[in-house]
Amino acid sequence: MFFEFGIKDIIDIVLVALMLFYIYRLMKESRSLNVFMGILIFVVFWLVVSQVLEMKLLGSIMDKLVSVGVIALIILFQEDIRKFLYNLGAHQRVRTLRRLFTNNDKQNKEDLKQTIMPIVMSCLSMSKKKVGALIVIQRATPLDDIVATGEPIDASINQRLIENIFFKNSPLHDGAMVIAHERIRAAGCILPVSHDLHIPKELGLRHRAALGITHESDCIAIVVSEETGGISIAIRNEFQLRLTAEKLESILTQELA
């Protein structure tokens, strides 16, 4: 039996292949690869039974399972679905398009500088003294669940306040500070720890926590190492290590613009 095969069919196949590949990568990162493979096998079996072999009874049973299974999958993978939609909206080209409709005037840039500079200067000061610190800056994804694990502060961003919170004898120095809406929301917060095996062994728990929170949200996590004094930043589940104050300021300006 012959059928027409045109350019539209090629595009259709390519789009489905790209979608399956992206879902495969997403499931692999979230350690749900076996579940994904099981679902894929079930879908292939369902298509063979209902479309190729045309088994009416078994096909109708599997149709019902699929209709119910879609709702179950949405509930089961709601965090992964949210991450997928965020990554789609946070893509570099989408962000560039969004900036065209945003008013980035001189006042906005000045406000951004007043937010960034206390963070940069406090990190530089703590780096010289080898004071460990972990600062999380919220962006589009709310971090209310993380804020709830720490002590609420709700103060303006101030260099001395940041340094005092992370002072070695401070009761809040071991946790993370969360900054949102140009305010210090909370300190001593608990973050999810990344178990990525590719993280260098010399990096400690603060770095793993920074990578863990950027894996689950679009936030920016800044780490000051207590052992080396090195400044690092985690964005989109990736690290940039051994940063200078100028480089840190440049990255924050670019990412928060």
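Here the structure is a predicted model, which means the values were calculated and not measured.

What counts and how
- Residues numbered from 1 in each chain as written.
- Predicted model: local features only at pLDDT ≥ 70, side-chain atom pairs only at ≥ 80, totals over all residues.
- Heavy atoms only, no water.
- Helix = DSSP H or I, 4+ residues; strand = E, 2+ residues; numbered from the N terminus.
- Buried < 20%, exposed > 50% of the residue type's maximum accessible area, 1.4 Å probe, protein only.
- Contact = heavy atoms within 4.5 Å.
- Areas by Shrake-Rupley, 256 points an atom, 1.4 Å probe, with all protein chains shown as cover.
- Pairing = 2+ DSSP bridges.
- Axes fitted to C-alpha atoms, helices over the stretch in contact; angles between N-to-C directions.
- Core = buried A, V, L, I, M, F, W, Y, C linked by side-chain atoms within 4.5 Å.
- Patch = residues over 30% accessible without salt bridge, like charges linked within 9 Å, V, L, I, M, F, W, Y side chains within 5 Å.
- Salt bridge = Lys/Arg side-chain N within 4 Å of Asp/Glu carboxyl O.
- Polar contact = N/O pair within 3.5 Å; in protein donor to acceptor, adjacent residues only side chain to side chain.

A.B. asks: Is there a simple way to think about the overall build of the protein chain in this case?
C.D. replies: In terms of helices and strands, the protein chain carries 10 helices and seven strands. Of all 257 residues assigned to the protein chain, the portion counted as buried reaches 35%. Within the protein chain, counting contacts between residues at least 6 apart in sequence, those at least 24 apart form 59% of the total. Taken as a whole, the protein chain presents about 16,800 Å² of accessible surface, with 62% of it coming from carbon and sulfur.

A.B. asks: Teacher, can you tell me more about the sheet that holds strand β1 (residues 133-137) here?
C.D. replies: Sheets are built from strands that pair by backbone hydrogen bonding, the pairs being arranged parallel or antiparallel. With mixed pairing, seven strands are arranged side by side in an open sheet as β2-β4-β3-β1-β5-β6-β7. Every other strand in the sheet has two partners, leaving β2 (151-156) and β7 (238-240) as the edge strands with one partner each. Recorded for the sheet is a direction-independent mean angle of 20 degrees between the axes of neighbouring strands. Packed on one face of the sheet, helix α9 (residues 205-216) meets β1, β5 (220-224), β6 (231-235) and β7 and runs near 175 degrees to β5. Of the strands in this sheet, β1, β5, β6 and β7 are in contact with helix α10 (residues 245-256), which crosses β6 at around 20 degrees.

A.B. asks: Would you mind going over the nonpolar core with me for this structure?
C.D. replies: In a soluble, globular protein the nonpolar side chains are often hidden away together inside. Core analysis: the biggest nonpolar cluster contains 29 residues, and I119, I135, I162, I222, I233, L248 and L252 have the highest contact counts within it. Those elements giving two or more residues to this core turn out to be α6 (106-129), β1, α8 (159-165), β3 (176-180), β4 (183-189), β5, β6 and α10. It is α6 that provides the largest number of residues to this core, a total of six residues. In terms of nonpolar packing, the next biggest core, distinct from the first, is built from 20 residues, V136, L143, L191 and A210 among them.

A.B. asks: Please explain a nonpolar patch on the surface as it appears in this structure.
C.D. replies: The grouping of V16, M19, L20, M37, L40, V44, F45, V48, V52, L53, M55 and L58 at the surface amounts to a nonpolar patch, some 990 Å² of accessible area in total. Contributions of two or more residues to the nonpolar patch are made by α1 (7-29) and α2 (33-52). For the nonpolar patch, the element with the highest residue contribution is α2, accounting for six residues. For V16, the position within the fold is in helix α1.

A.B. asks: Would you mind going over the pairing of β5 with me for this structure?
C.D. replies: The side chains of a regular strand alternate, first on one face of the sheet and then on the other. In terms of burial, β5 is a largely internal element, five of the five residues being buried. Residues I220, I222 and V224 of β5 are buried on one face, and the alternating residues A221 and V223, pointing to the opposite face, are buried as well. Where β1 and β5 come together, five bridges link them in antiparallel fashion. Bridge pairing links V136 to A221 in β5. With five bridges joining them, β5 and β6 adopt antiparallel strand pairing. The residue of β6 that forms the bridge with I220 is I235. Hairpin connection, β5 to β6: the antiparallel pair is bridged by six residues, and G229 has positive phi, about 80 degrees.

A.B. asks: Could you clarify how one ought to interpret the pairing of β6 in this entry?
C.D. replies: The buried count for β6 comes to five of five residues, which makes it a mostly enclosed element. Neither face of β6 is open: one carries I231, I233 and I235, the other S232 and A234, and all of them are buried. Following β6, the chain reverses through two residues before pairing antiparallel with β7; R236 in that reversal takes a positive phi of roughly 50 degrees.

A.B. asks: Before we go on, may I ask you to explain unusual backbone geometry in this structure?
C.D. replies: Apart from glycine, the bulk of residues carry a negative phi angle, and the bulk of peptide bonds sit in the trans form. Within the chain, H181 stands out as a residue other than glycine whose phi angle is a positive 55 degrees. With respect to the secondary-structure elements, H181 resides in the loop between β3 and β4. The class of H181 is exposed, set by a relative accessible area of 65%. A positive phi angle, near 50 degrees, is found at R242, a position not held by glycine. Position of R242 among the secondary structure elements: in the loop between β7 and α10. Using a relative accessible area of 70% as the deciding quantity, one classes R242 as exposed.

A.B. asks: What am I meant to see in the side chain of T214 here?
C.D. replies: Take T214: it is sitting in helix α9. T214 sits in the buried class, given a relative accessible area of 3%. At a separation of 3.2 Å, a polar atom in the side chain of T214 contacts the main-chain carbonyl oxygen of A210. Reaching out from T214, the side chain makes a polar contact with the backbone oxygen of L211 at a distance of 3.0 Å.

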